[in-house]
Amino acid sequence: DIQENQHCWMNWRRWRRNFRRKMMFLFCNEDRKKKERLNSLLQTTRNLIKNNEIKDVRKNPVYSLIRAMSNYHLYDIVRELYEDEEVTDVQSIYKDIGEYLINSNKLNNCKSFELGESNINIDLSKDAILVCAWNKQRFVDALLNIGQNVGNSFEYDKTNHMATYIFPIGLTIVYNGNHSSLSGILKGEGTIQANQTYDLVPTYDYMYFDGIYFRNKINDEKLYKVERFEIGALYEIGRLLAENGIR
């Protein structure tokens, strides 16, 4: 009995050791793939940038790539709504784009992370926009009641529609009036104004996204893990835009 118990114990330890090795291999492999994805994306971005001289990001061909990446995340938010999953909140997007460090004591650059006032016009039909609609019924009601197809064109309401425009990538993050804005985006109609701006450029001296984590540029310290690869990747696209005077 003692020998049998020892044998079972040894088999358990062996299985646990092999399992841990397999899991470490899977995690390392996934991390490697994310870093490869980032490198590939940034190379595509460089190719787009070097073959034109347009300095307005929303007119530059690279903006089509930026919009595709933001739409990828946007449509996942819509999926979360209709599948009754926990919906992405706006703070997680701000965190993934780097604004989480606005008051960080890990980086001695708080003055670099400042919000500015704005009245930039945002076209819901063609700009890169993220909207964190959070209520399924309100989403359904917005689709039923807002839009030219239901005889009630989208109307911008300054007291309701609020958004942050991110330089230099031209990404808009809506943080109020989410459900009506999402209806406008999905129906391809309407314009809002971003009432504040956030400029990533000053942050590039302090940190970078490696495909998985934001890291301190000075010592490579991990700052935090990014939830959505696409948003972190947009941060690094912004670095290339800044280096080429595009905003």
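**Structural notes on empty space enclosed by the protein**
Thinking step 1. Throughout the structure, instances matching the rule amount to one cavity of 30 Å³ or more.
Thinking step 2. Size it by volume and the largest cavity reaches roughly 30 Å³.
Thinking step 3. Lining the largest cavity are Lys 34, Phe 209, Gly 211, Ile 212, Lys 225, Val 226 and Phe 229.
Thinking step 4. In terms of residue class, the lining of the largest cavity is made up of four nonpolar, one polar and two charged.

**Thoughts on the sheet that holds strand 7 (residues 213-216)**
Thinking step 1. Strand order across the open sheet formed by three strands is 6-7-8, with antiparallel pairing between neighbours. Where the open sheet ends on each side, the last strands, each with one partner, are strand 6 (207-209) and strand 8 (222-225). Sheet twist, expressed as the average angle between the axes of neighbouring strands with direction ignored, equals 20 degrees.
Thinking step 2. Here helix 6 (residues 229-243) sits on the sheet and contacts strand 6 and strand 7; the angle it forms with strand 6, its principal contact strand, is near 125 degrees.

**Considerations on the nonpolar core**
Thinking step 1. Grouped together as the largest cluster of nonpolar side chains are 62 residues, with contacts concentrated most on Ile 66, Ile 169, Leu 171, Leu 234 and Leu 241.
Thinking step 2. For this core, the leading source of residues is helix 2 (residues 62-82), giving nine residues.
Thinking step 3. If we ignore the near neighbours within four places in the chain, the residues touching Leu 234 are Ile 66, Met 69, Ile 97, Ile 169 and Leu 171.

What counts, and at which threshold
Residues numbered from 1 in each chain as written. Predicted model: local features only at pLDDT ≥ 70, side-chain atom pairs only at ≥ 80, totals over all residues. Heavy atoms only, no water. 1 Å grid on protein atoms, 1.4 Å probe; cavity = no way out; pocket = protein on both sides within 12 Å on 5 of 7 lines; lining within 4 Å. Points joined across faces, edges and corners; volume = space filled by probe spheres on them. Nonpolar A, V, L, I, M, F, W, Y, C, P; charged D, E, K, R; others polar. Pairing = 2+ DSSP bridges. Helix = DSSP H or I, 4+ residues; strand = E, 2+ residues; numbered from the N terminus. Axes fitted to C-alpha atoms, helices over the stretch in contact; angles between N-to-C directions. Contact = heavy atoms within 4.5 Å. Core = buried A, V, L, I, M, F, W, Y, C linked by side-chain atoms within 4.5 Å. Buried < 20%, exposed > 50% of the residue type's maximum accessible area, 1.4 Å probe, protein only.

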